[in-house]
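# Results of the structural survey
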Amino acid sequence: MSTYQLGIDIGGTFTDAVFTDDGGRRWVFKVPTTPADPGVGFVDAVDAAREVAPLTTDNLVHLVHATTVATNAIIEGKTARVGLVVTEGFRDLLEIGRQIRPDLFDLLRQKPKPLVPRDLVIEVRERLGPTGEVLTPVDTRSVARAADLLREAKVSGVVVCLLHSYVEPRHERAVGSQLRELLPGLEVSLSSEVWPEFREYFRASTCIVNMAIQPVVRAYLESVQARLRERALSSDFYVMQSSGGGMTAEAAKNLPVQLIESGPAAGLIATSELARRMDWPRVVSLDIGGTTAKVGLVLDGRPTLSYEYEVGAMAAPGGGRSKASGYPIRTPVLDLVEIGAGGGSMAWIDSGGALRVGPASAGADPGPACYARGGTVPTVTDANLVLGRIDPQSFLGGAMKLDLDAAHLAIEQHCAAPLGLSVVEAAAGIIDVANASMARALRLITVQRGHDPRDFVLVAYGGAGPLHANALAADLGFSRVVIPPDPGVLSAAGLLLADVTHIESNTHLVPCDTVTHPDLVERLRTLADRVLRRLADQGKSAEQVALSYSLDMRFHGQSYELNIAVPNLDDPHAVAAARDAFISAHEQAYGHAARDEEIELVNWKVSGVAPGFRHAQAATIDGQMVDGPVAPVRSREVSDRHGTAVISTFDRLSLTPSVVVWGPAVISEMGATSFVHDGYHASQDSRGGNLYIEKD
Amino acid sequence: MDSEIDPIRLEVVKNALLAITDEMSAALQRSAYSTNIKTRGDFSCAMFDTDLRVVGQSFSQPTHLGSLVHSAPRLVAEYGAGNMRHGDGVLMNDAHRGAVHLNDISLVSPVDVGGRRIGYVANVAHHVDVGGSTPGSLGLNREIFQEGLILPPVQLVAGGVIDDDIIRLIAANIRSPRESLGDFRAQVAANQLASRRLVALAEEMGTDELGRYMSALLNYTQRRVAREIAELPAGEYHAVDFLDDDGFGDTPVKIDVLVRIGDGGIEFDLTGCDAQGTGPMNATASMAYSGVAYVLKALLDTDIPVNDGFYRMCKVRSTAGSVVNASHPAAVAGGWEVCFRVAETAFAALADAFPDRIPAATKGIICNVSFGGVDPRTGDYYAFYETIAGGYGAHSHMDGMDGVQSHIHNTENAPVEEIELNYPVRIAQFSLIPDSGGGGEFRGGLGVRRDYWFVDHDATFSVVSDRTKFAPAGVAGGQPGRPAHFVVDPDGVGRELRSKATIRVPAGGIVSVQTPGGGGYGDPARRDGEAALADLRTGKVSTADTVGPDTDGRIS
C-alpha cells in the first residue's frame, strides 16, 4: 500500500498544496483561497489530492496545515469576550500598555484598543515583591467579588496575570482555583502557566491574545476536522506554529497564540532543511510575494527565533512594523524581517519628484496593469514584464496571458512621462527602487547583526523571489543564489518537513557567577519536564524527543538579552561555557563587550523536538527532472538601459544538470519565474534539483 | 530634479543612508545599559556631510529633532575639524555651547576616506545621572553648575581607543558610573559601526559622487517641504500660555508663540516669551527649536525625510536671555518642559487653521521624575529617572487617547516587574485617573497616576514638571483636563508638592505622581449617549455630569 503526505498552506490569493507519496512522487495544487470560510479552500485542496489517489485514514499518514485564521481573528476583530484579573492598583495594565503612540508625527494615529475593555479588568487584593516574597496575601473576598463581576459580565474566559507571578506562581494559582470553583465551566488561564517571563504587560498580552482568539481558532479547526471525517479521513492532523514546528490540532486548540505566523514559518523551515542537507552553514531566505518581501536567517541549519512579535501591527513607513501598533506576544516566532515591497507594489512619483515603490499594493484584484483586470497603476510585476524578466506567454505555466501593452502604458503614464524618462528607463528605475527597499531588509538581517553577506547563500522563493534574487545578491555580495524546486509553493512543501516542537521559557534573573552546575541542571530539567508533558499529550514519547537548552543572557543593567545555547547540559563547565559564548555573541552583534562586567541569566528556555515525518523529506524538496534536449521555449528581443538584448525563456523542468543557461535568460515554471542577469549563469544541481545562479 | 542627478539613484542612496542610521540606532539601543536608552529610547543618531549639514537621522523622540543638529556643528567648530581624525570621538554636553540639558551627552566622530573628510557621524544619549545636586541630575537648581558635570568638547576616543583618564574623571562625578560607562561603550561602538558603513558607501559610489547625492537629497527634501508649506493657509497665528512658575517664585512664565505662514515660508516667532528665570525652567535655543520643528513636521506629509533640507525651512526667532533661548549660567534641566509648552502653544495658535488635525491640549508635560539613594540590598548608590504619560487632547471627531505620551516625546514606561527587580522601590499603583479628561462632545484622554513607595530606605526624590496651576485647555467649547498633582503620602495626609521640587522621602514614604488629562473638544452637551454610557461602564467617568475640573482650569 502506498502512503501519502499532504501539506496545505492557505495564502491571501491561493491555497497551495504539496502532495507526496512514499515512492518520491510529488504533486502540486493551487486552489483559490476562500476568505469567508477558509476551510472550503482547505478541503478543495484535500479533494484535489483525492483525485490523484484514493485517500483513507490508513494511507494518508501525514497532514500538515498552515493557517492565517489566528492572525485574521485579531485583524478582523473576531475576538472573544475575555476577562482579566490583575493585582490591585494595576487595572490599567492594558489601557496604558507601553504608554507610547505608534507614530511620532501623525497627530491622528491612535494606539490599538485593548483586547479586554476596562470594565472586564478586575483587581484583586494581593501583592508579591520581586523575589516572590508576600507583601499582601491573597484576599479571598476580593476574588469572590471578581468572580461575581465576571459571572455577570458573561465572559467566555478569564486570564489571571498578577505581578511577579513568573517567579512565584502561588498567588495566581490560589486566585485561579478559587475562580474555577466559583465559576465552574469557565476557562481560566494563568499567566505563570502560559508564558512565565517577566515584564507584566507583555506576559498579560500574550495570554490575552491566546484566549481571545481561542473560540475562532477552535471552531475553525473543528470545522476542518468535521470535513475530514466526512471524507472518511482521520481528523488528527498537524498545524504549523509560528516557531516553525508542528503541533497537533488538538494541542493548538488550547495554545492558538502559537499559530500567529503559521504560513511564513513554513517557507523558512523548508530553507532550513535545504541548508542542512546541502551543508550550507549560513543561509538567508528571501520570500517575495504580492505585497511584501520577507527575509530570514538560517545559521547552521537552524532558523532564528524572535520573542518580540506584535499581532496585527501596522507597516512602518520605512519598513518593518510600527512599534506599539499591535498586540505584543512573547511566544517564539521565526524571525522574519518584512518590507512592503512585492510583485504587486505600486510605483508613484512623490511631491519632491522622486520615484517611489510601495507600500501600497495592487494585490490580486485588480492586480498589476498587465493582468488586464482593470488595474492601471504600474507595479513591480509590470516593470519586470516590460524589461523582459517575465515571459508574457508562460506566466502561471501559461495559464494566464499577460498584457504587455497595458504594462507599457501604465509605466508611460505614471512614471516615464512625469520623470522625462523612456519607458524602459522608468521600468528599470522601478526595479532599482524596489530592490533598494528589499536590500534594506537584507542588510537589517545580515550586516546589522554582524553577518557578512559574502559568507551566505541566498535562497529565494515565493512568486517573485527568484525574479529579484540575482540583482539583490549582486548588490549585497551573496556568494550564490539558490532557487529550490517549485519555489512558488515552498511554504506548503515546508509544512511536510516540520518537526513537532514545543518551547517553554521561564524568567529567573540571577548573576551568572552564582549559578552552579547542579542549579542549571535542576532548573532546566524542570522546564524540560513541562516540554515532555506537552509533547506526550501530542503522542510523542520522551525517547522521540530531542531537548535543547538555552539561556537569555545580558550584562547586568542591560535590557535586551542574547539567546545563548547550552549545547551540553551534562558538561560540568556548562555555565562558564555559556558565559564565554555570550561575550563572543555580544562582540559579534554589537562590536564590543566588557569581559569583566557581571553577566545575568534572565530567561531559561527549553525546546523539545520530535521528528515529524523524516522519511518523507527526500521527496518533498527534490524536484523532478525530465531528460531530453534543452532548447529555449522562445526568445525575444528586449531593451533595457544598457541596450537591446535577446532574452531566451527556458522551461525549468527541461533543465538537466549538464545544462548551463547563460544570462540574460528567463527560467519559467509553475508559480514562479527566475531571472538570470547578463554576466551570470544558471545551472541545475544533480542532487536536489536546485537551480543555482552564479557569476560567470 | 537637480541636473545630472538620477532620481532613481537618489532614492537608492536615501535608502542606504537610512539603513546606516537605523543600524547605528539598533546597535546603540540594544547594547546600552541605562533604562533611558534601552527601554525608553531617549537617544538619537545622525550623519553629517563635510559642511556639518545633517543628511540622515534616526530617533524615536522628537526632542532630538533639534539636539545633534545644533550641538554637532558647534562641537566641531569649537574643537576644530582639523584636530579630529578618523577613529576619534569627541564628547560634549554643555547646554550653553549649543547642546540641550547636561544628561544628553553627544559623541561626534569624523569619517575620512583616503585622508579626505567625507562627513561626520554622531549620537546623543540621555545618561541617567551626570552628577550635580540631585540623583538623576534633574532637580531644583539655580545655575547650570549645580546641575552636573559640564563637558565642553573633550576627546574621549583617539584612534579607536577610549581614553581611560576621561572615563575615570567622569565616573568620579556621577552617581551611576557602571551604567554610564556601559552607555559610553555603546555610543562609541555605534559611531564606529556607522563610520565603517559610510566609508564602504563612499568607496562603492566614489567620494565626490556620494557628496553630490547627499546635497541632492537635501535639495529634494527642501523642495518637498517648500511645496507643502506653500499649501498651508497663509496668515499670522498667535497664542499665549503660562508655565506655573520658574520653580522659586510664584509668577507665571509667559510662553508666547506667533506663527507666520506666507510667501517667506513658515516662521515661529518666540520673541514674546518671558526672560529666563531663576530655576531650571529654561530652554536652550536648541531645545526650543526641537519644539517648533516637531510642530512643522506634524503638519507635513509624515514620510518627508528629516535632514538639513527640512531644517533650513523651519525658521525660529527668539531673544537671547529668554526662557526659550537661555544664556549662561542659567539652569536648564527643565528645558524640555519649556520646549513642550512651546509646541503646545504653537498648536493652540494653529488649531483654527487645522480643525480636523490638531487636537485640544494634551497632558503638556514631560513630567521628569528622578530619585535615588543608597540601595540597602547592595550598599551602592542608585539613580532612577523616568517620564510619565498622560491624557491626549480630543479631536474634532474622536476622544483623546488615555495614558499616552504626546507631542515632543514618546518614551516607554519601564515594566513594574523590571523596576522592582533592579531598584529598591515599589510601584504601588499605575493607573488611569477617572474623570481627569476634559469633558466635551469628544472627551480628553485620561491622565495617569504612578505611586512610588520607598519601602526600606530614605530617598531623594525630584520632580521637574509643570501644569499644576494651568490645566490643558479644551477646544471649541470642550472642557480643560485635570491639572497635574504631585502628592506625598496620597492616601494619608496628602501633602501637595509644587511642580518643581526636590524632597527627602523617609523609608516607608509614598510619592504619587498624577499627570494631567487632555482637553476636550466641543460642547459636552453634544456628547453621544453611547459614548457617555461607555465611559460610565468602563469607569473612566464616575458620574454622568462630570465634565472636568473647574472650568477656567485655574486651581486656587
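Procedures and definitions
Residues numbered from 1 in each chain as written. Chains lettered and ligands numbered in written order. Predicted model: local features only at pLDDT ≥ 70, side-chain atom pairs only at ≥ 80, totals over all residues. Helix = DSSP H or I, 4+ residues; strand = E, 2+ residues; numbered from the N terminus. Rg over C-alpha atoms; globule rule 2.2 N^0.38 Å. Buried ≥ 20, exposed ≤ 12 C-beta atoms within 10 Å, placed from the backbone. Contact = placed C-beta atoms within 7 Å. UniProt positions renumbered as here; feature names shortened; annotations may be inferred. Expected span 1.5 Å × (residues − 1). Nonpolar A, V, L, I, M, F, W, Y, C, P; charged D, E, K, R; others polar. Pairing = 2+ DSSP bridges. Axes fitted to C-alpha atoms, helices over the stretch in contact; angles between N-to-C directions.

A count of helices and strands for chain B gives 11 helices and 20 strands. Its C-alpha atoms give chain B a radius of gyration of 23 Å, within 12% of the compact-globule value 24 Å for 556 residues. Principal-axis analysis of the C-alpha atoms places the extent of chain B at approximately 70 × 60 × 40 Å. Across the 556 residues of chain B, 63% fall into the buried class. The contacts of chain B with a sequence gap of at least 6 include a subset with a gap of at least 24, amounting to 76%.

All right, on to the UniProt feature "domain: Hydantoinase B/oxoprolinase" (unreviewed entry) in chain B then. In this numbering, the UniProt entry assigns the feature "domain: Hydantoinase B/oxoprolinase" (unreviewed entry) to residues 6–524 of chain B. With 28% helix and 24% strand, residues 6–524 of chain B has end C-alpha atoms that lie 55 Å from one another.

Below, the discussion takes up helix 9 (residues 262–278) of chain A. Note on helix geometry: an α-helix contains 3.6 residues per turn, so any two residues three or four positions apart are oriented the same way. All names here are of chain A. With 17 residues, helix 9 extends 25 Å from end C-alpha to end C-alpha; this agrees with the ideal 24 Å at 1.5 Å per step. With 14 of 17 residues buried, helix 9 lies mostly within the body of the structure. Just downstream of helix 9 lies Asp279, where phi reads positive at about 60°.

Below, the discussion takes up the interface of chain B and chain A. Contact with chain B, which involves 66 residues of that partner, is made by 57 residues of chain A. Of all elements in the fold, only helix 1 (7–31), helix 2 (35–38), helix 5 (177–205), helix 6 (207–230), helix 7 (285–299), helix 10 (416–422) and strand 14 (426–432) of chain B reach the threshold of two or more residues within the side of chain B that touches chain A. It is helix 1 of chain B that provides the largest number of residues to the side of chain B that touches chain A, a total of 13 residues. Class assignment of the residues belonging to the side of chain B that touches chain A gives a composition of 27 nonpolar, 17 polar and 22 charged.

All names here are of chain B. With respect to topology, four strands assemble into an open sheet ordered 8-9-10-11, the strand pairing being mixed. In this open sheet, the two edge strands, each paired with only one partner strand, are strand 8 (235–243) and strand 11 (314–317). Direction aside, neighbouring strands of the sheet carry axes that sit 20° apart on average. When strand 10 (residues 265–269) meets strand 11, the two strands line up parallel, connected through four bridges.

All right, on to the environment of B:His127 then. Residue and element names in this part refer to chain B. By the element assignment, His127 lies in the loop between strand 5 (116–126) and strand 6 (154–158). Taking the number of C-beta atoms within 10 Å as the measure of exposure, His127 has 32 and is therefore buried. In this structure the C-alpha to C-alpha distance between His127 and Glu418, which are 291 residues apart in sequence, comes to 19 Å.

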